[in-house]
Amino acid sequence: MRIGVPTEIKVEEYRVGLAPAAVREYVTRGHDVIVEQGAGIGIGASDDVYRSAGAAIVDTAAEIFATADMVVKVKEPQPSEWRQLRESQILFTYLHLAPDVAQTKGLLASGCTAIAYETVTDPNGGLPLLAPMSEVAGRLAIEAAGAALRKSADGMGKLIGGVPGVAPSRIAVIGGGVVGTHAARMAAGLGADIVILDRSLPRLRVLDEMFQGRVRTRYATLEAIEEEVIAADVVIGAVLVPGASAPKLVSRAHLARMKRRAVLVDVAIDQGGCFETSRPTTHQAPTYLVDEIVHYCVANMPGAVPVTSSHALNNATLPFGLALAEKGIRALIEDPHLRAGLNVHRGQITNRAVADSQNLPAAAAETILAA
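All values derive from a computational prediction rather than experimental measurement.

Caption draft 1: Main features of the overall build of the protein chain. For the protein chain, the helix and strand inventory stands at 15 helices and 15 strands. Here the protein chain has a C-alpha radius of gyration of 21 Å; the compact-globule value for 371 residues is 21 Å, and the two agree. For the protein chain, the proportion of its 371 residues judged to be buried stands at 54%. Residue pairs at least 24 apart in sequence account for 62% of intrachain contacts in the protein chain once pairs closer than 6 positions are excluded. Within the structure as shown, the protein chain displays about 15200 Å² of accessible surface, and the carbon and sulfur contribution to it stands at 53%. Averaged over its 35 positive side-chain charges, the protein chain has a centre that lies 4 Å from the centre of its 39 negative ones.

Below, the structure written as structure tokens:
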């Protein structure tokens, strides 16, 4: 199979779909890999390094979309990219389709087979291709919160960990999954006063044991969320409903009762955000104010650390990508966990959560793949 790796074109996105080490794995197994010139600059990998790994370098993304059997990316295709996708071509990348009607329509019109990293599953019910970026985003969320709290950044002027004799910042983490766990771990290391809210009692027990009293846990009733948000200096939105739009757990009405210049960090912004007042921002202009509350809603947080993120992502995606390269569509038929990543196939939505979020019909993946 011919694998294509275009340069990421989303604003301030520096990651790359395949690092040179991953390219070598594909080439060693007899596949052709073509990489757009400059695709690896963000991770410090020159075109010559890719050539040494066995890739061919092409001048434009158009050459990749025109000739590759499978396109491997990081972020969702932009309009100029989805217009170049075609039937029988596999797209393997993050999609986050639920809140993105335009992209969904573009992928449906292309006829391609679009597999989303974020909905691939594992035997334990986890999301193995989302997990590495969730780990990165959770850790970055605390760094972002610390920066946004500074007076020079319109924050309240408070240090996350405090100092002897001065109380630390109070941080509420909504969601005890991978993002929330890593955010709490970073915040605990800085000495913050942390509470994690989640609706899974088994998960709260795991977190309670993991942090051994350094982090408080609360069952996420509406009342509990409201109380902790109002009392917090920082709120981390770490909620995930796989494939679907994130629920809105902090309303604009809550903002009026929060501390002035408190910080909201919405890690769920890729799935529409879990705060009513969230809207996507960029690394260049990461924050904005609504009702005197600082909002940080960067939609590609791990893109700020592309070296760490690209290698972590490749480590997770490589086995699945190699299976697709070796078997094509048959890999989806044989592996139910990879098949869970199938979101769009030949003009039909195959992910129920995406379809429900957009009030569109969904086809059963098993049925249309067997057709």
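Let us keep going from here.
Caption draft 2: Just the side chain of Thr7, in detail. You can see Thr7 is positioned in the loop between β1 (2-5) and α1 (20-28). Among the residues examined, Thr7 registers a relative accessible area of 19% and is labelled buried. Within the structure, Thr7 has its side chain in polar contact with the backbone nitrogen of Ala39 (distance 3.5 Å). If sequence neighbours within four positions are ignored, Thr7 has contacts with Glu36, Gln37, Gly38, Ala39 and Glu81.

Caption draft 3: Looking closely at the sheet that holds strand β2 (residues 32-36). Read across the open sheet, the eight strands follow the order β3-β2-β1-β4-β5-β6-β14-β15; overall the sheet is mixed. Bordering the open sheet on either side are β3 (56-58) and β15 (348-349), each of which pairs with just one other strand. One ladder, built from four bridges, connects strand β5 (residues 90-93) with strand β6 (residues 113-116); its direction is parallel. The residue bridging Ile90 from the neighbouring strand is Thr113, located in β6.

Caption draft 4: Summary view of the packing of aromatic side chains. Summed over all chains, the structure comprises two aromatic pairs. With a centroid separation of 4.7 Å and an interplanar angle of 80 degrees, the aromatic rings of Phe92 and Tyr117 are classed as edge-to-face. With Phe92 in strand β5 and Tyr117 in the loop between β6 and α6 (131-148), this pair connects stretches of sequence that are 25 residues apart. Like Tyr117, Phe92 is buried. On the numbers, 4.8 Å between centres and 85 degrees between planes, the contact of Tyr94 with Tyr117 is edge-to-face. Highlighted residues: Tyr94 in the loop between β5 and α5 (101-110) and Tyr117 in the loop between β6 and α6, separated in sequence by 23 residues.

Caption draft 5: A look at unusual backbone geometry. Despite not being glycine, Asp154 shows a phi value in the positive range, around 75 degrees. Structurally, the position occupied by Asp154 is in the loop between α6 and β7 (170-174). We note that Asn359 has phi near 55 degrees; this positive angle belongs to a residue other than glycine. On the basis of relative accessibility, which here comes to 72%, the residue Asn359 falls in the exposed class.

Caption draft 6: Here's a closer look at a nonpolar patch on the surface. Together, Leu159, Val163 and Val166 give the surface a local cluster of nonpolar side chains, amounting to about 280 Å² of exposed area. Topologically, Val163 is positioned in the loop between α6 and β7.

Caption draft 7: The packing of helix α7 (residues 178-190) against helix α8 (residues 201-211), seen in detail. The contact between α7 and α8 brings their axes to 12 Å, and the two run at 25 degrees. In terms of their interaxial angle, α7 and α8 are classed as roughly parallel. For α7 against α8, the interelement crossing comes out right-handed. Contact residues: Thr181, Ala184 and Arg185 in α7; Arg203, Leu207, Met210 and Phe211 in α8. Taken together, the residues that form the contact of α7 with α8 break down as four nonpolar, one polar and two charged.

Caption draft 8: Expanded view of the domain arrangement of the protein chain. Per the domain assignment, the segments of the protein chain are domain 1 (2-126 + 306-370) and domain 2 (131-296). Placing the centre of domain 1 and that of domain 2 at their C-alpha centroids yields a distance of 30 Å. At the junction of the two partners, domain 1 supplies 19 residues and domain 2 supplies 13 residues. For the pairing of domain 1 and domain 2, the buried interface totals around 1200 Å² over both sides, and the portion due to carbon and sulfur atoms is 59%. Run the count over domain 1 and domain 2 and you get one salt bridge. Across the pair Asp270 and Lys75 runs a salt bridge, and its minimum N-O distance is 3.3 Å. Every element with two or more residues in the side of domain 1 that touches domain 2 is listed here: α11 (306-327) and α14 (352-357).

Caption draft 9: Inspection of the environment of Tyr296 at higher detail. By the secondary structure assignment, Tyr296 is in strand β13 (residues 293-296). Sequence spacing of Tyr296 and Ala144 is 152 residues, and the spatial spacing of their C-alpha atoms is 7.6 Å. If sequence neighbours within four positions are ignored, Tyr296 has contacts with Ala144, Leu264, Val265, Asp266, His283, Pro286, Thr287 and Met301.

Caption draft 10: Up close: α6. Between its first and last C-alpha, α6 extends 25 Å over 18 residues, near the 26 Å set by a 1.5 Å rise per residue. Here α6 lies mainly inside the structure; 13 of its 18 residues are buried.

About the thresholds
Residues numbered from 1 in each chain as written. Predicted model: local features only at pLDDT ≥ 70, side-chain atom pairs only at ≥ 80, totals over all residues. Heavy atoms only, no water. Helix = DSSP H or I, 4+ residues; strand = E, 2+ residues; numbered from the N terminus. Rg over C-alpha atoms; globule rule 2.2 N^0.38 Å. Buried < 20%, exposed > 50% of the residue type's maximum accessible area, 1.4 Å probe, protein only. Contact = heavy atoms within 4.5 Å. Areas by Shrake-Rupley, 256 points an atom, 1.4 Å probe, with all protein chains shown as cover. Lys, Arg positive; Asp, Glu negative; His and termini not counted. Charge placed at Lys NZ, Arg CZ, Asp CG, Glu CD. Polar contact = N/O pair within 3.5 Å; in protein donor to acceptor, adjacent residues only side chain to side chain. Pairing = 2+ DSSP bridges. Phe/Tyr/Trp six-rings, centres within 6.5 Å; stacked < 30°, edge-to-face > 60°. Patch = residues over 30% accessible without salt bridge, like charges linked within 9 Å, V, L, I, M, F, W, Y side chains within 5 Å. Salt bridge = Lys/Arg side-chain N within 4 Å of Asp/Glu carboxyl O. Axes fitted to C-alpha atoms, helices over the stretch in contact; angles between N-to-C directions. Parallel < 35°, antiparallel > 145°, perpendicular 65-115°, else oblique. Left-handed = near helix turned anticlockwise from the far one by under 90°. Nonpolar A, V, L, I, M, F, W, Y, C, P; charged D, E, K, R; others polar. Domains from an automatic or database assignment. Buried area = accessible area lost by both parts, 1.4 Å probe. Expected span 1.5 Å × (residues − 1).

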